[in-house]
Amino acid sequence: MAMAMKLSLLLLFFLSSLIPTFSLFEDQVGFMDWHQRYIGKVKHAVFQTQKAGRKRVVVSTEENVIASLDLRRGEIFWRHVLGANDVVDKIDIALGKYVITLSSEGSILRAWNLPDGQMVWESFLSGSKPSKALLTVPANLKVDLDSPIFVYGGACLYAISSIDGEILWKKDFTAEGIDVHQLLLPDGSDVVHAVGVTDLSQFDTYEIDVRNGELLKHVSASFPDGIYGEILPISSDKFVALDARRSVLVLISIKDGQINLQQTHVSDLVHGSSGNTAILPSKLSGIFSVITDTFIAFIKVTNEGKLDVMEKVDKMVVVSDALPLSEGEQAFALVQHGESKIHLSVRLVHDMSSNHLKETVKMDHERGFVHKIFINNYVRTDRSHGFRALIVMEDHSLLLLQQGEIVWSRDDGLASVIDVTTSELPVEKLGVSVSKVEHSLFEWLKGHMLKLKGTLMLATPDEVAAIQKIRLQSSEKSKMTRDHNGFRRLLIVLTRAGKLFALHTGDGRVVWSSLLQSLRKSDKCTDPIGLKLHQWQIPHHHALDNNPSVLVVGRCGLSLSASSAMSIVDAYTGKELHNMGPAHSTVQVISLPFSDSTEQQLHLLIDADKRAHLYPRTPEAAEIFQRESENVYWYSVEAEAGILRGYAVKGSCNLEVPNEYCFETRNLWSIVFPSESEKIIATVTRKANEVIHTQAKVIADEDVMYKYISKNILFVATVSPKASGPIGSATPDESLLVVHLVDTVTGRILHRMSHSGSQGPVHAVLSENWVVYHYFNLRAHRYEISVIEIYDQSRAENKDVLKLIVGKHNLTAPVSSYSRPEVTIKSQSYFFTHSVKAISVTSTAKGITSKHLLIGTLGDKVLALDKRFVDPRRSLNPTQAEKEEGLLPLTDALPIIPQSYITHAFKVEGLRGIETVPAKLESTTLVFAYGVDLFFTRLAPSRTYDSLTEDFNYALLLLTIVALVVAIFVTWVLSERKDLQDKWR
Amino acid sequence: MAVLRRSQTTSSSLLVQLCFLSLFCSSSLAITTGNGGGYTINGQVKIPGFGAKGFGLPVKTNNAKVTLNGGQRVTFLKPDGYFSFHNVPAGTHLIEVDAIGYFFSPVRVDVSARNPGKVQAALTENRRGLNELVLEPLREEQYYEIREPFNIMSIVKSPMGLMIGFMVVVVFLMPKLVENMDPEEIRKAQEEMRNQGVPSIANLMPGGGRSN
């Protein structure tokens, strides 16, 4: 009876877990996931250190983040990620309590509360034409106005109250045609100077009343040679500019309403300068700096208008803006890069000859050169000035230097991940025990007793904290060796700065980082950008002594025909093994499924001339490729032209210099979409390394369906050109979304389906025999997710047992990519609430475990959705057999269960991609989501059926066993005694 | 509130701003013409329990974002929950609110050139029309499972609890069952056992004859 009860209970348990969600208890956070917050490469920084209280620095970054950082430790107090089209132009602090940001080319002005980051007000400045954006927050204005700030944007000048964002007055400069370069507010005056250029040949300055925006004075002087770059103010009545040929410095001085232009040849001032001269934008009073090809010269302007070269420094020196000190004194900082250290010197503007402060700081050479420096001062106890410097490095990291030391550093390059791959960790060597064995059995038992208490909700808060600590500190998960379950790996990420990071999946720490030489700015490669990461060498059987390595492919410039740069990097140490400098261009990288005797993967790089280049460049690889070249096919998508093309290898290149690793290609097929009705907006294909367990799918009534599992399916989505804009720009009648399934070997269109009244953006994922895609339905004005499943009809007859016995089946017939497949398509659509940023699917080692879709929503969260919700066989009233199969009744919308957000209460700000990697344990998949933030977790889509969960209670098991043994002994003794009594009777 | 902006509105700053943008203060409507040819959509996000207080939204909603057309524009909430999108072209738009801990339905907003000022907004989740652009969460979102408080049944139901339970039944109830049996029968059974010696599987099988 008890057995029956047990069975029924077990059954109940399994039934209740039919639809697994990734539910998590709150105390399990950080147990198998980690979340890291970043901000990106800093563009501007404003310090707030005057008042008592927490010292902070407010920054805006190239990832469009504004953030307030703790100046002591570099932690983020608060942070906002602005929209992609809402680029921050300027930031400043007003009234000592508001952070002011000017964005969208000077059309949106926002104020944020400095302590907590709450937006206080927002002003929309509707300019008349695009222009530069300028922001000036006057420090001490002696005018009876409620602390205005001055903004120039959209060719209009505004005075805006910093208290509530109200526009006090507006002065339109459209009629004047002036391009304002500087807004100046001389100390103590009540006049705004707008200094600029009209038609690049006339210098203008307007004086405007601070109180009401009235034009007081306008002076101009024509300058027929034209002006290059910007006009830089030197004092309130002196400006300097460069002529259009970049060879003459123009000193502009205004005296008694008259403009005086004075020209000096750069070559007269400094010798050996060439055409690439520019004025640095550092605003120093009485001094300006000129950068040439080889050096930076500081030039002093005397009161008489004479230019004196004060000093020449190396070109690589980075100069900060001027920092006002007491009594009109100004300081600025210079940073010079030396061998594995940097030299920081602070100088006073009035006394350029000597360094006010000189410090040398040791610097990791993997951080590269200094890109930017911001300085701030503090008053020491002996009333002298101390300085702290915030520096931005080549790898986008942010460091605070003070008293010759790095106070803190942030690896903000990780905010701009381009591509991700993984690597196994080294195998644990015999005899070398890396892990610490649990201290003692007692400790171990104590830990488990605590856990038991925790699960029974009997623990006190102190004990709960202790449990949490034990869990997070488990040394197992951050070990540097391979584990049986395959949970510990290295995530290798390529960032926009051209730096490669290896992150440990256990705790997210950076194991190594390497600034790739091939992706650094050089004379040959002026504008390098990383593109792709590929596994280069994966030692399994033969080359076990070798470390695995990855291939990094980059490009020197934005155009597709720019030459490419490649590196091969050791995945354990981060050392750059090979560095192939600028070579042929690279449009596409194809990882071939062949490897040579040292387990190096063969790669084909397709250049802009459609030639294929084989890597690695060894005779062995060439031989393997020659053998297999007949079976190598690839395709290209020309989204602009609306053409898909398929290619194969033709023969060696016809070059002057024979090159056995270069191959000509031939075009096999092309599909041309009519440009007036279809525009390609998304293409997606299957992951090359995906594993599928079985082709057969057993459905209700013991019937079988065969999945069509070709690796060569390409999903293409096109929309009518009118509907390619954002939502709201097209009517339902003029928008049409068409999806195609294309075989990339033959160019055959397997299926074509249209969704009328729908438009993009389309996000899609293709796996096994299905594709799921997300788009916008204009008629219902909701997002939809559709699924297409493809089944192989040619094998459908194999179900007949009689035929199987007689031998009339085609199970042994070879599968060929050339054959014309007989496929049937099933499809269904559902509503989905949210906008989607990325969509992905879980992948497991053997492909047995059921799949979950991972949907990155607009709110930067990742939702796990069981694939069974997007099954085209769902019907309104499933039959009993279908119910038993686990088919869900059809609903019009997909459910959003908050507990199945795998990012739980976190946000992966600026989410861009979701990567899944199978663990060795079949039930588990590793998920890495990246954007401005990074998030990692591991999932078990069908629960961990093949292992005990980490919080399995060993203490309870032990207790049960002990209790059982004790009970056995007790009953044995009892029965003995009873026997004896029986015998005496 | 945004639709019919009453003159006694407390948020004067917004009103002034609106006047600036619409260039005529008499306008009391949420969707107003800007001078760039576009329109302005004003709305408010209200989170029950906090919105009533007006100022002082919880830290939780500090990071609330309002998005137009799936990411085309992003704006943030003012302390009183108001937001606005400027220079929006005529057409049908989609507004989504994202605040951690709350589930908001996307809102369909029609901005038409024919009758400016008339707001046509509807929640897309349940097709409910909105008279004014005040967005409230449909429900709160709980991202974590809640641990069940200590319950003796949960122990009993666990596999180990079942094992113990089964054992207890065998140890303590079985002898009782045996005791309640007829002593005659027990003796008979014991005799049988003695005769048989070791019980074999054949005996247990139905129809299995006595082998000895």
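Note that the structure is a prediction, hence the values are computed from the model and not measured. (Residues numbered from 1 in each chain as written. Chains lettered and ligands numbered in written order. Predicted model: local features only at pLDDT ≥ 70, side-chain atom pairs only at ≥ 80, totals over all residues. Heavy atoms only, no water.)

Asker: Hey, could you run me through the overall build of chain A in this one?
Answerer: Scanning chain A from terminus to terminus reveals 8 helices and 64 strands. Taking the principal axes of the C-alpha coordinates as reference, chain A spans close to 125 × 85 × 60 Å. In chain A, buried positions account for 55% of the 985 residues. For chain A, contacts bridging at least 24 residues in sequence account for 51% of all contacts bridging at least 6. Summed over all atoms, the accessible surface of chain A reaches about 44000 Å², with 53% contributed by carbon and sulfur. Each charge class in chain A can be summarised by its mean position, and for the 103 positive and 113 negative side chains these summaries are 4 Å apart. (Helix = DSSP H or I, 4+ residues; strand = E, 2+ residues; numbered from the N terminus. Buried < 20%, exposed > 50% of the residue type's maximum accessible area, 1.4 Å probe, protein only. Contact = heavy atoms within 4.5 Å. Areas by Shrake-Rupley, 256 points an atom, 1.4 Å probe, with all protein chains shown as cover. Lys, Arg positive; Asp, Glu negative; His and termini not counted. Charge placed at Lys NZ, Arg CZ, Asp CG, Glu CD.)

Asker: Can you walk me through helix α3 (residues 159-180) of chain B in this structure?
Answerer: An α-helical turn contains 3.6 residues, so any two residues separated by three or four positions project in the same direction. All names here are of chain B. Relative to the 32 Å expected for 22 residues at 1.5 Å per residue, α3 spans 30 Å between its end C-alpha atoms, a close match to the ideal helical length. Maximal helix bending in α3 amounts to about 35°, located at L173; proline P175 follows within four positions. Considered for burial, the residues of α3 that qualify are M160, G161, L162 and M167. (Expected span 1.5 Å × (residues − 1). Bend = angle between axes of the 7 residues up to and from the residue.)

Asker: Sorry, what's going on with the state of the cysteines here?
Answerer: Covalent bonding between the sulfur atoms of two cysteines defines a disulfide. Residue and element names in this part refer to chain A. Tallied over the entire structure, the rule returns 1 disulfide over all chains. Here C653 pairs with C662 through a disulfide, and the sulfurs are 1.9 Å apart. Disulfide C653-C662: the torsion about the S-S bond is -65°, which places it as left-handed. By relative accessible area, which is 9% here, C653 ends up buried. Taking relative accessible area as the criterion, C662 reaches 0% and is therefore assigned buried. (Disulfide = S-S within 2.5 Å.)

Asker: Could you clarify how one ought to interpret the packing of aromatic side chains in this entry?
Answerer: What characterises a pair of aromatic rings is the spacing of the ring centres plus the angle enclosed by the ring planes. Residues and elements named next belong to chain A. Under the criterion given, the structure shown has 17 aromatic pairs over all chains. Grouping aromatic residues by their ring pairs yields a cluster made of W34, F928, Y930 and F936. Looking at K312, its charged tip hangs above the ring of F295, at a distance of 4.6 Å from the centre. Above the plane of the ring of Y901 lies K861, whose end atom (NZ or CZ) is 4.8 Å from the centre. (Phe/Tyr/Trp six-rings, centres within 6.5 Å; stacked < 30°, edge-to-face > 60°. Lys NZ or Arg CZ within 6 Å of the ring centre and 35° of its normal.)

Asker: Would you explain the sheet that holds strand β6 (residues 88-94) of chain A in this entry?
Answerer: Backbone hydrogen bonds hold the strands of a sheet together, and the pairing may be parallel or antiparallel. Residues and elements named next belong to chain A. The strand order β6-β7-β8-β9 describes an open sheet built from 4 strands, whose pairing is antiparallel. With partners counted over all chains shown, the strands left at the sheet margins are β6 and β9 (119-124), one partner each. Between one strand axis and the next, the sheet turns through 15° on average, direction left out of account. (Pairing = 2+ DSSP bridges. Axes fitted to C-alpha atoms, helices over the stretch in contact; angles between N-to-C directions.)

Asker: What is the right way to look at the confidence of the model for chain B in this model?
Answerer: Predicted coordinates in regions of low pLDDT should not be interpreted in detail. Residue and element names in this part refer to chain B. With 63% of its residues at a pLDDT of at least 70, chain B reaches an overall mean of 69. Note on residues 51-60: pLDDT is under 50 here. Beyond four places in sequence and across chains, it has 9 contacts. Across the whole predicted complex the pTM is 0.85, and at the interface the ipTM reaches 0.83. (pLDDT = per-residue confidence, 0-100.)

Asker: Help me understand the sheet that holds strand β21 (residues 258-265) of chain A, please; the structure alone is not making it clear to me.
Answerer: All names here are of chain A. An order of β18-β19-β20-β21 is seen for the 4 strands of this open sheet, with the pairing classed as antiparallel. Only two strands of the sheet have a single partner each, and these edge strands are β18 (227-235) and β21. Put simply, the sheet's adjacent strands are angled 20° from each other on average, direction ignored. Relative to strand β19 (residues 238-243), β18 runs antiparallel, the two being bridged by 5 bridges. Residue pairing for β19: I227 is matched across the bridge by D243.

Asker: Honestly, the pattern of salt bridges in this entry has me stumped. Any pointers?
Answerer: Two side chains with opposite charge may pair up if their charged atoms get near one another. Residues and elements named next belong to chain A. For the structure on display, the rule yields 42 salt bridges over all chains. Here R645 and E638 are joined by a salt bridge, their closest N and O atoms 2.9 Å apart. The exposure class of E638 is partly exposed, given its relative accessible area of 23%. A single network of salt bridges, built from pairs that share partners, joins R367, D395, D411 and K499. (Salt bridge = Lys/Arg side-chain N within 4 Å of Asp/Glu carboxyl O.)

Asker: Hey, could you run me through the side chain of T421 of chain A in this one?
Answerer: Residue and element names in this part refer to chain A. Turning to its location among the elements, T421 is positioned in strand β35 (residues 417-424). Given a relative accessible area of 11%, T421 falls into the buried group. A polar contact of 3.3 Å, which involves the side chain of T421, links it to the side chain of Q535. Aside from chain neighbours lying at most four places away, what touches T421 is L490, L491, I492, L533, Q535 and V550. (Polar contact = N/O pair within 3.5 Å; in protein donor to acceptor, adjacent residues only side chain to side chain.)

Asker: I tried to follow the interface of chain B and chain A on my own but got confused; where do I start?
Answerer: Buried accessible area, meaning the area lost when the parts come together, often serves as the stated size of an interface. In this assembly, 59 residues from chain B lie in contact with 72 residues from chain A. For the chain B and chain A pair, buried surface summed over both sides reaches about 5900 Å², with 61% attributable to carbon and sulfur atoms. For the pair chain B and chain A, the interface holds 4 salt bridges. The partner of R782 of chain A in a salt bridge is E125 of chain B, with the nearest N and O atoms 3.0 Å apart. In this structure, the connection of chain B to chain A is made through 14 residue pairs in polar contact (both at pLDDT 80 or more). Counting only elements with at least two residues in the side of chain B that touches chain A, the list comes to α1 (12-22), β3 (65-68), β4 (73-76), β5 (82-88), β6 (91-98), α2 (152-157) and α3 of chain B. The element best represented in the side of chain B that touches chain A is α3 of chain B, accounting for 8 residues. (Buried area = accessible area lost by both parts, 1.4 Å probe.)

Asker: How do you make sense of unusual backbone geometry when you look at a structure like this?
Answerer: A negative phi angle characterises most non-glycine residues, just as the trans form characterises most peptide bonds. All names here are of chain A. For the peptide bond that leads from Y615 to P616, omega is -5°, which places it in the cis range. Summarising the element assignment, P616 is placed in the loop between β45 (612-615) and α5 (619-628). A cis amide bond links G760 to the next residue, P761, at an omega of 0°. Although it is not a glycine, N64 adopts a positive phi angle of roughly 65°. Take N64: it is sitting in the loop between β3 (56-61) and β4 (65-70). Among the residues examined, N64 registers a relative accessible area of 6% and is labelled buried.

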